[in-house]
Amino acid sequence: MATLRLGDSAPDFTAETSQGSLNFYDYLGDGWGILFSHPADFTPVCTTELGTAAKFKSEFDKRNVKMMALSVDGAASHNEWIKDINETQNTVVNFPIIADEDRKVSDLYDMIHPNADDTLTVRSVFIIGPDKKIKLILTYPASTGRNFYELLRVVDSLQLTAYHKVATPANWESGEKVVVSPAIPTNEAKEIFTKGVEEVKPYLRLTPDPTA
Ligand code: BEZ
């Protein structure tokens, strides 16, 4: 299959998960989604990631983002592993983990990178908008656990920039100043952004976070 790129439609699928058979689009409904893969069950970094993901679920819920994880082990294995995750990470895994034994979803989303590992998925992240288009793709190697604060931060940026004519600068956090979209002339920007526009350079205009 062709490599997925930003703006492409997220492939739909029906898969066995730790919570039974689920259709991805039905699960997402009209909200946002985050789909993230793990190399394998009963591995240390993945255990910490899934425990952390569970602790962050209420934050993803607030942002209307449905979470779905994946590894290439089976549902029975996932459910045994979840007991360990809950025990060691002091949490309750409360979102489905796809049991992708036949690599169907991994192949659809190109989550196996053979030059890194022939059979296991890398740490892929896909953030999907309510229009079912892919808004963000991240790929980490098995040896590096992901930063879930960054995943929330990027959701905040994606959601803000989806609904307002702004972009978010380096290291931006929700509530901080944002950049006016380059396509908007400054005189027009001053009408749109009533909280004020600071022209640092003609191409670099800042305005307070319009949602703060
Ligand atoms: C881990 O989750 O710890 C892991 C999995 C596969 C390779 C290396 C680390």
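Further up the page is the structure itself.
What follows concerns the packing of helix α2 (residues 44-62) against helix α5 (residues 148-163). For the pair α2 and α5, the least separation of the axes is 10 Å and the interaxial angle reads 30 degrees. With respect to their mutual orientation, α2 and α5 come out roughly parallel. Like other packed secondary-structure pairs, α2 and α5 cross with a definite hand, here right-handed. Touching Glu-49, Thr-52, Ala-53, Phe-56, Glu-59 and Phe-60 of α2 are Phe-148, Tyr-149, Leu-151, Leu-152 and Val-155, all from α5. Grouping the constituent residues of the contact of α2 with α5 by class yields eight nonpolar, one polar and two charged.

In space, the four strands of this open sheet follow the order β8-β9-β11-β10, with antiparallel pairing throughout. In this open sheet, the two edge strands, each paired with only one partner strand, are β8 (166-167) and β10 (198-201). Where strand β9 (residues 178-180) meets strand β11 (residues 204-207), two bridges bridge the pair, whose relative direction is antiparallel. By the bridge assignment, Val-178 is partnered in β11 with Thr-207.

Moving on: the packing of aromatic side chains. Both the distance between ring centres and the angle between the ring planes are used here to describe each pair of aromatic rings. Within this structure, the stated rule accounts for nine aromatic pairs. Centre to centre, the rings of Phe-42 and Trp-81 are 6.4 Å apart; their planes meet at 45 degrees, and the pair counts as tilted. Of this pair, Phe-42 sits in the loop between β3 (32-37) and α2 while Trp-81 sits in helix α3 (residues 75-89); the two residues are 39 residues apart in sequence, bridging distant segments of the chain. Its relative accessible area of 1% is what places Trp-81 among the buried residues.

Cut-offs and rules
Residues numbered from 1 in each chain as written. Predicted model: local features only at pLDDT ≥ 70, side-chain atom pairs only at ≥ 80, totals over all residues. Heavy atoms only, no water. Axes fitted to C-alpha atoms, helices over the stretch in contact; angles between N-to-C directions. Helix = DSSP H or I, 4+ residues; strand = E, 2+ residues; numbered from the N terminus. Parallel < 35°, antiparallel > 145°, perpendicular 65-115°, else oblique. Left-handed = near helix turned anticlockwise from the far one by under 90°. Contact = heavy atoms within 4.5 Å. Nonpolar A, V, L, I, M, F, W, Y, C, P; charged D, E, K, R; others polar. Pairing = 2+ DSSP bridges. Phe/Tyr/Trp six-rings, centres within 6.5 Å; stacked < 30°, edge-to-face > 60°. Buried < 20%, exposed > 50% of the residue type's maximum accessible area, 1.4 Å probe, protein only.

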